Amino acid sequence: MKLPKLGLVKFKQTRALEGRMMRATIHSHASGRFSVSITCEVPEFQPLPKTYESIGIDLGITDFAILSDGRKVDNQRFTAKMAKNLARAQRKLSRRYEQAKKDSRDVRDCTNYQKQRRKVARLREKVAFQREDFLHKLTTAFIRQYDVICVEDLNTKGMLKNHKLAKAIRDVSWSSFVQKLTYKAKWYGRELVKINRFFPSSQLCHVCGHRDGKKPLAIREWVCSSCHTTLDRDINASRNILAGRRITPFRSNPTVGTTELAY
């Protein structure tokens, strides 16, 4: 690749380039890795063929996504799986920092400290790459399979104030999941419906519509007091989210392929 002021530079190509190249941006990562992002001008995406199917998705922590057809997508817990190795590497980094401080040396000149710093950065980078790969594959599968996708508009920032769940919520990355669904729906002519966060999806019976009121998170199954149907809390919520799209929307934004509903 020929770059201004640098000339010809060898690089590993991860995907084929399409369209007319506009600009290139060089990124320097904490792990010591360099990458180049190339902006290309490409023709508009062609809408995918209609499947005439729709799905409701309830996002969770134990299971990443619970679908209205009864399927559940497992939460991969990338941060938790890497926690032991990351904690060990960070302790080692801390010891090297304390030793440099004791010797009155600048950490920028300490080779062992810099090597360990890059190792910690590579572990964090690996977790981020695993999460991005998982979210891209999952959202692409949903976009290809369904014409209409219904999700709940969660208040992620507010939920992060719960310190007991904040770490788990950051790991599942709901916001990134919805963001990817949003722009992919716009690209491929799908409809993404965002159900208002105050919609009582976990309080309604999807069979008869009876509302039984709020329930503690510990209750994962309950029996409807009206029709006596045994309901799975998460699957019931996802089916109510799918049913919620039938209500007349108060605002539609076709430029991003999403519709928001109010209750």
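Scroll up to find the structure this text is about.
Remember, predicted model here, so these are calculated numbers, not experimental data.

Rules of the game
- Residue numbering note: each chain is counted from 1, following its sequence as written.
- A pLDDT threshold of at least 70 governs which residues receive local features in this predicted model, and a stricter bar of 80 or more applies before side-chain atom pairs are shown or counted, although totals over entire chains, interfaces and linings include all residues.
- Note: side-chain values were computed over all heavy atoms of the structure, leaving out hydrogens and water.
- For this document, the term salt bridge refers to a Lys or Arg side-chain nitrogen within 4 Å of an Asp or Glu carboxyl oxygen.
- The way it works is that DSSP assigns letters per residue, a run of H or I at least four long becomes a helix, a run of E at least two long becomes a strand, and they are numbered from the N terminus.
- Accessibility here uses a 1.4 Å probe with only protein chains present; expressed as a share of the type maximum, an area under 20% marks a residue as buried, one over 50% as exposed, and anything in between as partly exposed.
- Here a polar contact is taken to be a pair of N or O atoms separated by no more than 3.5 Å, where protein atoms must pair a possible hydrogen donor with a possible acceptor and residues adjacent in sequence count only if both atoms sit in side chains.
- Here the term patch refers to residues with relative accessible area over 30% and no salt bridge, with like charges joined within 9 Å and nonpolar side chains (Val, Leu, Ile, Met, Phe, Trp, Tyr) within 5 Å.
- Computed with a 1.4 Å probe, the accessible areas rest on the Shrake-Rupley method; for each residue, only the protein chains presented here act as cover.
- Counting rule applied: Lys, Arg positive; Asp, Glu negative; His and chain ends not counted.
- Taken as the charge location is NZ of Lys, CZ of Arg, CG of Asp or CD of Glu.

### Structural notes on the pattern of salt bridges
Tallying each qualifying case throughout the model produces 11 salt bridges. The salt bridge involving K180 is made with E132; its shortest N-O contact spans 3.2 Å. With a gap of 48 residues between them, K180 in helix α5 (residues 174–188) and E132 in helix α2 (residues 111–145) connect regions that are remote in the sequence. Overall, the relative accessible area of 32% leaves E132 in the partly exposed class. A salt bridge links R197 to D153, with the nearest nitrogen and oxygen atoms 3.6 Å apart. Of this pair, R197 sits in the loop between β9 (191–195) and β10 (221–223) while D153 is found in the loop between β8 (148–152) and α3 (156–159), placing the two residues 44 residues apart along the sequence. You can call R197 partly exposed: its relative accessible area is 35%. D153 sits in the partly exposed class, given a relative accessible area of 27%.

### Examining the environment of R190
Turning to its location among the elements, R190 is positioned in the loop between α5 and β9. Residue class for R190 comes out buried when judged on its relative accessible area of 4%. Taking C-alpha positions, R190 is 8.8 Å from K50, a pair spaced 140 residues apart along the chain. At 3.3 Å, the side chain of R190 forms a polar contact with the backbone oxygen of R144.

### Digging into a positive patch on the surface
On the surface, K84, R88, R91, K92, R95, K115, K119 and R122 cluster together into a positively charged patch. Breaking the positive patch down by element, the ones donating at least two residues are α1 (78–102) and α2. The biggest single contributor to the positive patch is α1, with 5 residues. Among the secondary structure elements, K115 is positioned in helix α2.

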